[in-house]
Amino acid sequence: MVDDSEMDPSLQSVLDQKSLKWIFVGGKGGVGKTTTSCSLAVQMSKIRKSVLLISTDPAHNLSDAFGVKFGKDAKEVPGVPGLAAMEIDPNGSIQDLISAGGEDAQEAMQGLGGVGNMFQDMAFSIPGVDEAMSFAEVLKQVKGMEYDLVIFDTAPTGHTLRFLQFPSVLEKALGKLSQLSQQFGPMLNSVIGARGGLPNGQSMDDVLKKMEDLRETIGEVNKQFKNADLTTFIPVLIPEFLSLYETERMIQELGTYEIDTHAMVVNQLLFPKKDNPCDQCNSRRKMQKKYLEQIDDLYGEDFNVVKMPLLTDEVRGVDSITKFSEMLVKPFQPPQ
């Protein structure tokens, strides 16, 4: 078993990394991702000029956690200066991506009729691109917002891993559109002329430039996600077999995507006193200790492993989350 002292068992190293622009919080369903992401956002808002917390989980729990109704537009979190939150719909459509290039681009593609449909069918036949609309939605929402840091409260593991592939998928799809436009340029101009031109006096070149600008934006974000100075991923788990197994699989995949991860949060830990008469508590703690030893063996040398207790009360509301968040930077001391 690796001694915890080898790596600081807190998220202080994440808070100290002033260059961070993007933080992803993710893991198996039901392990406390939302509580962790909200708590981290509260801590970050104390030291950053402005923080945006985004939920990309279809089950959206930010509103329940803070006791405030959030929607698709960023809204300040009452009682937490410098923190805003929003919940976006992760389910999109091809038209969402077109609209990400601007209303003119959307009208233009519709105005091209059969040729426009051909473009869409060919470009968006790339696997995973339809799911990638959630990423386009994020870009639309975040673009123009001057936030110092963006934290993602993500969906369960599988969806999250696909979400992190989306910048590459979108970049590929838009590149295909650009390639098709060059190949079929003369035919498109002929069709456009026969139809009396594009809406709002736009030329096809204008539309394609918007598409290319979007591709460049996505490409830049993709590079940022792979830059450990700008992006990190924080896995959240509980000390049980399935959660540990899924976390290890996720960390391996993050490595293939070149996304940094060097800190994790282990939630729902029991710390019964030695003379505790509760057999269930003692038995479960024994099981948890077994998996904690495995976690320390696997990650103790390279990760900041934060160990959070299971509390008697729900962590809901700004005051409760703020209090809970302190344990992310000041390790919990179990009773003796």
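Because the structure is predicted, anything quoted here is derived from the model rather than measured. (Residues numbered from 1 in each chain as written. Predicted model: local features only at pLDDT ≥ 70, side-chain atom pairs only at ≥ 80, totals over all residues. Heavy atoms only, no water.)

1. Here's the deal with the overall build of the protein chain
Along the backbone of the protein chain there are 13 helices and eight strands. In the protein chain, which comprises 336 residues, the proportion classed as buried is 50%. Of the contacts formed within the protein chain by residues at least 6 apart in sequence, a portion of 79% connects residues at least 24 apart. Accessible area for the protein chain stands at about 15700 Å²; split by element, carbon and sulfur atoms hold 49% of it. (Helix = DSSP H or I, 4+ residues; strand = E, 2+ residues; numbered from the N terminus. Buried < 20%, exposed > 50% of the residue type's maximum accessible area, 1.4 Å probe, protein only. Contact = heavy atoms within 4.5 Å. Areas by Shrake-Rupley, 256 points an atom, 1.4 Å probe, with all protein chains shown as cover.)

2. Topic: the nonpolar core
Within the largest apolar cluster, 39 residues are counted, with the highest numbers of intra-cluster contacts made by Leu-11, Ile-23, Leu-40, Phe-66 and Ile-151. It is helix α13 (residues 318-329) that provides the largest number of residues to this core, a total of six residues. Aside from chain neighbours lying at most four places away, what touches Leu-11 is Leu-40, Ile-234, Ala-263, Val-265, Val-306 and Leu-328. Core analysis: the second largest hydrophobic core is formed by 19 residues, Phe-24, Ala-84, Ile-88 and Tyr-147 among them. (Core = buried A, V, L, I, M, F, W, Y, C linked by side-chain atoms within 4.5 Å.)

3. A few points about the UniProt feature "active site" (unreviewed entry) in the protein chain
This chain's UniProt record puts "active site" (unreviewed entry) on Asp-57. Turning to its location among the elements, Asp-57 is positioned in the loop between β2 (51-55) and α3 (62-66). Excluding residues that lie within four positions of it along the chain, Asp-57 makes contacts with Asp-153, Thr-154, Ala-155 and Pro-156. (UniProt positions renumbered as here; feature names shortened; annotations may be inferred.)

4. As for the sheet that holds β2
The strand order across the open sheet built from eight strands is β3-β4-β2-β5-β1-β6-β7-β8, with neighbouring strands paired in mixed fashion. Strand pairing shows two members of the sheet lacking a second neighbour, β3 (75-76) and β8 (304-309), which therefore form its edges. Across two bridges, the pairing between β3 and strand β4 (residues 83-87) is antiparallel. Looking across to β4, one finds that Lys-75 is bridged to Ala-85. Contacting β6 (231-237), β7 (263-269) and β8, helix α12 (residues 279-299) crosses the sheet at an angle of about 175° to β7. Running over the sheet, α13 touches β7 and β8 and is turned about 145° from β8. (Pairing = 2+ DSSP bridges. Axes fitted to C-alpha atoms, helices over the stretch in contact; angles between N-to-C directions.)

5. Quick word on the pairing of strand β1 (residues 22-26)
Here β1 lies mainly inside the structure; five of its five residues are buried. With burial as the criterion, each face of β1 is covered, one bearing Trp-22, Phe-24 and Gly-26 and the other bearing Ile-23 and Val-25. Examined bridge by bridge, β1 and strand β5 (residues 149-153) share four bridges and lie parallel to one another. Bridge pairing in β5 links Phe-24 to Phe-152. Strand direction decides the pairing type here: β1 and β6, joined by five bridges, are parallel. Residue Val-25 lies in a different strand from β6, and its bridge partner there is Ile-234.

6. A closer look at the pattern of salt bridges
Counted by the stated rule, this structure contains five salt bridges. Its salt-bridge partner being Arg-249, residue Glu-253 comes within 3.4 Å of it at the nearest N-O pair. Taken together, the residues span about one helical turn, with Glu-253 and Arg-249 both in helix α11 (residues 241-256) at a distance of four residues. With a shortest N-O distance of 3.2 Å, Asp-296 and Lys-307 are connected by a salt bridge. On the criterion of sequence distance, the pair formed by Asp-296 in helix α12 and Lys-307 in strand β8 is long-range, its members being 11 residues apart. You can call Asp-296 buried: its relative accessible area is 1%. (Salt bridge = Lys/Arg side-chain N within 4 Å of Asp/Glu carboxyl O.)

7. A short note on a nonpolar patch on the surface
The grouping of Phe-241, Leu-242 and Tyr-245 at the surface amounts to a nonpolar patch, some 360 Å² of accessible area in total. Exposure remark for Leu-242: the relative accessible area of 52% places this residue in the exposed category. (Patch = residues over 30% accessible without salt bridge, like charges linked within 9 Å, V, L, I, M, F, W, Y side chains within 5 Å.)

8. Focus: the side chain of Asn-304
Position of Asn-304 relative to the elements: it lies in strand β8. Of the polar contacts made by the side chain of Asn-304, one reaches the backbone oxygen of Asp-8; its length is 2.8 Å. When sequence neighbours within four positions are dropped, the list of residues in contact with Asn-304 reads Met-7, Asp-8, Ser-10, Ser-13, His-262, Ala-263 and Met-264. (Polar contact = N/O pair within 3.5 Å; in protein donor to acceptor, adjacent residues only side chain to side chain.)

9. Overview of the packing of aromatic side chains
Remark: the centre distance and the inter-plane angle together describe each pair of aromatic rings, the angle taken between the planes. Counted according to the given criterion, the structure contains nine aromatic pairs. Centroid distance Trp-22 to Phe-152: 6.0 Å. Interplanar angle 15°. Geometry classified as stacked. With Trp-22 in strand β1 and Phe-152 in strand β5, this pair connects stretches of sequence that are 130 residues apart. Like Phe-152, Trp-22 is buried. On the basis of an interplanar angle of 10° and a centroid distance of 6.3 Å, the ring pair of Phe-24 and Phe-233 is categorised as stacked. Of the two residues, Phe-24 is situated in strand β1 and Phe-233 in strand β6; the sequence distance between them amounts to 209 residues. Grouping residues by exposure puts Phe-24 and Phe-233 together as buried. Grouping aromatic residues by their ring pairs yields a cluster made of Trp-22, Phe-24, Phe-152, Phe-225 and Phe-233. (Phe/Tyr/Trp six-rings, centres within 6.5 Å; stacked < 30°, edge-to-face > 60°.)

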